[in-house]
There are 2 protein chains.
Amino acid sequence: MRWVDSAGWDYPSKMALFPPSLRQLIALLERLPGIGPRSAQRLALYLIRRPTDEVEQLASALIQARHQVRLCERCFFLSEQTLCEICQDPSRDANLLCVVADARDVVSLERLEQYRGLYHVLHGLISPAEGIQPEDLKIRALIERVRTQPPQEVILATPPTVEGDATALYIARLLKPMGVRTTRIAYGMPVGGELDYADAATLGYALSGRREI
Amino acid sequence: MRWVDSAGWDYPSKMALFPPSLRQLIALLERLPGIGPRSAQRLALYLIRRPTDEVEQLASALIQARHQVRLCERCFFLSEQTLCEICQDPSRDANLLCVVADARDVVSLERLEQYRGLYHVLHGLISPAEGIQPEDLKIRALIERVRTQPPQEVILATPPTVEGDATALYIARLLKPMGVRTTRIAYGMPVGGELDYADAATLGYALSGRREI
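Residues numbered from 1 in each chain as written. Chains lettered and ligands numbered in written order. Predicted model: local features only at pLDDT ≥ 70, side-chain atom pairs only at ≥ 80, totals over all residues. Heavy atoms only, no water.

Engineer: Even after reading the chapter, I still don't get unusual backbone geometry, so can you show me in this structure?
Structural biologist: Comment: phi is negative for the bulk of residues other than glycine, and the bulk of peptide bonds are trans. The backbone of A:His123 shows a phi angle near 60 degrees, a positive value even though the residue is not glycine. By the secondary structure assignment, A:His123 is in the loop between strand 6 (117-121) and helix 6 (139-148). One non-glycine residue with positive phi stands out, namely B:Glu113, at about 55 degrees. Relative to the assigned elements, B:Glu113 resides in the loop between helix 5 (103-111) and strand 6 (117-121). Judged by its relative accessible area of 69%, B:Glu113 is exposed. (Helix = DSSP H or I, 4+ residues; strand = E, 2+ residues; numbered from the N terminus. Buried < 20%, exposed > 50% of the residue type's maximum accessible area, 1.4 Å probe, protein only.)

Engineer: Before we go on, may I ask you to explain the packing of helix 6 of chain A against helix 7 (residues 162-175) of chain A in this structure?
Structural biologist: What describes two packed helices is the angle between their axes and the distance between those same axes. All names here are of chain A. Following both chains from N to C, one finds helix 6 and helix 7 inclined at 30 degrees, their axes separated by 11 Å at the closest point. Where helix 6 crosses over helix 7, the two elements pack in a sense that is right-handed. Residues Ile139, Leu142, Ile143 and Val146 of helix 6 form the contact with helix 7, whose participating residues are Tyr170, Ile171, Leu174 and Leu175. For the contact of helix 6 with helix 7, the per-class residue count stands at eight nonpolar, no polar and no charged. (Axes fitted to C-alpha atoms, helices over the stretch in contact; angles between N-to-C directions. Left-handed = near helix turned anticlockwise from the far one by under 90°. Contact = heavy atoms within 4.5 Å. Nonpolar A, V, L, I, M, F, W, Y, C, P; charged D, E, K, R; others polar.)

Engineer: I tried to follow the side chain of B:Thr202 on my own but got confused; where do I start?
Structural biologist: Note on placement: B:Thr202 falls in helix 8 (residues 200-208). With near-sequence residues (within four places) excluded, B:Thr202 lies in contact with B:Gly188, B:Met189 and B:Pro190.

Engineer: Honestly, empty space enclosed by the protein in this entry has me stumped. Any pointers?
Structural biologist: Gaps left between atoms are located by rolling a probe of water-molecule size over the structure's atoms. This model, assessed by the stated rule, comprises three cavities of 30 Å³ or more. One number sums up the size of the largest cavity: a volume of about 100 Å³. Along the walls of the largest cavity sit A:Tyr46, A:Leu47, A:Arg50, A:Glu54, A:Val55, A:Gln57, A:Leu58, B:Leu28, B:Arg31 and B:Leu32, which together make up its complete lining. Mapped by element, the contributors of at least two residues to the lining of the largest cavity are helix 2 (37-47) and helix 3 (52-68) of chain A. Per-element accounting of the lining of the largest cavity gives the leading share, four residues, to helix 3 of chain A. Residue composition of the lining of the largest cavity, by class: six nonpolar, one polar and three charged. Quantified by volume, the second largest cavity comes out at close to 80 Å³. As for the second largest cavity, its lining consists of A:Leu29, A:Leu32, A:Leu43, A:Leu47, A:Leu58, A:Leu62, B:Leu29, B:Leu32, B:Leu43, B:Leu47, B:Leu58 and B:Leu62. Elements represented by at least two residues in the lining of the second largest cavity include exactly helix 2 and helix 3 of chain A together with helix 2 (37-47) and helix 3 (52-68) of chain B. (1 Å grid on protein atoms, 1.4 Å probe; cavity = no way out; pocket = protein on both sides within 12 Å on 5 of 7 lines; lining within 4 Å. Points joined across faces, edges and corners; volume = space filled by probe spheres on them.)

Engineer: Quick question: what am I supposed to make of the layout of surface pockets here?
Structural biologist: One number sums up the size of the largest pocket: a volume of about 540 Å³. Taken together, 17 residues form the lining of the largest pocket, with A:Ala101, A:Asp102, A:Arg104, A:His123 and A:Gly124 sitting closest to its centre. At the level of secondary structure, the elements contributing two or more residues to the lining of the largest pocket comprise helix 5 (103-111) of chain A together with helix 2 of chain B. When the residues that make up the lining of the largest pocket are grouped by side-chain class, the tally is nine nonpolar, two polar and six charged.

Engineer: Before we go on, may I ask you to explain the packing of aromatic side chains in this structure?
Structural biologist: Two descriptors summarise a pair of aromatic rings, namely the distance from one centre to the other and the angle between the planes of the rings. Counted by the stated rule, this structure contains six aromatic pairs over all chains. Ring geometry for A:Phe18 against B:Phe77: centres 6.1 Å apart, planes inclined by 20 degrees, an arrangement best described as stacked. Of this pair, A:Phe18 sits in the loop between strand 2 (10-11) and helix 1 (20-30) while B:Phe77 sits in the loop between strand 3 (70-71) and strand 4 (78-79), on two different chains. Just as A:Phe18 is buried, B:Phe77 falls in that class too. (Phe/Tyr/Trp six-rings, centres within 6.5 Å; stacked < 30°, edge-to-face > 60°.)

Spelled out as structure tokens, the structure:
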């Protein structure tokens, strides 16, 4: 016997013992990335035993964040306003434009407190395997942005993966005829890493990216 | 620089770039069991990109489950009614009462489709280390239940841990003067397990619980 709820999810019979509202919550939690059936069950059983106001606070934080957070109109980083904090900051160097795959990458780079230019968040990488095409990403907007407000340099900071390489190459080809200097961040041995432990791909990047000393 | 939000949570500065409503959501998700800072961030970033109605469905499922699920008045399993499905089922054998630590244990035992008696959920185990006393659990209610509706046998199905042992012993001592047969489920080698790989505690249970063949 399996149960199908209003969300169209079905449950193995062992869950059927739980009350419907609990089953529904478990089913929705299971859809979240990185949450398996066991974690979903544990989370749901934890949540229904918490004080009502705590659960209501979480529910309202979910809705608030979903409604208030939008993408910056210029760089597509996250913001509650038309332009994000970085784009609004007049002290940032508009001549440098760093292209990243994900909003989290902006946070990682900002943590360095070294880069003072602007960003452009693609919101993904080209991946034929996952059916992600260039038009699913913020690539057209990037080209348009470079055309209307050309920076001196576009830094491609996509990860050193098949998808990251393909995306960087795709963007570089579009930018080349526009005469903007296009660079890609260096990939190689991490500081403190031992050659012995490095994977072949990293070692390959390190070798081909060698520089004179 | 650290941020403190209305929930009293503070964030390392690297999060300060995220909009306030997103930071609040991440902070609340981080409080959940098994969700670390990284998972909380990933979950929040995932959720704010989902369709509004999907997020609202999750928020409302949270509130619904919290408000509708309560404890069965007799056995303290989860239910949306006064009595749970098992207690309401007239075909269950009221002469058998199985005492478990957690609602999930009921589901595990029901999955066997072997036990046809009733349950009593303690909602925890005695643990001086965690400050959990007998009066924090549904032990008084168990004794009262056995007194008013005595079953033929009470099966203690607490886990074979220090806390599970202590709780079973504590309950057994209270039930003894009441003249009810009290048993505990068998602990020993799991089926298919090799002695070589068994931990000392399991092997100890297996040895001391030996039976004539």
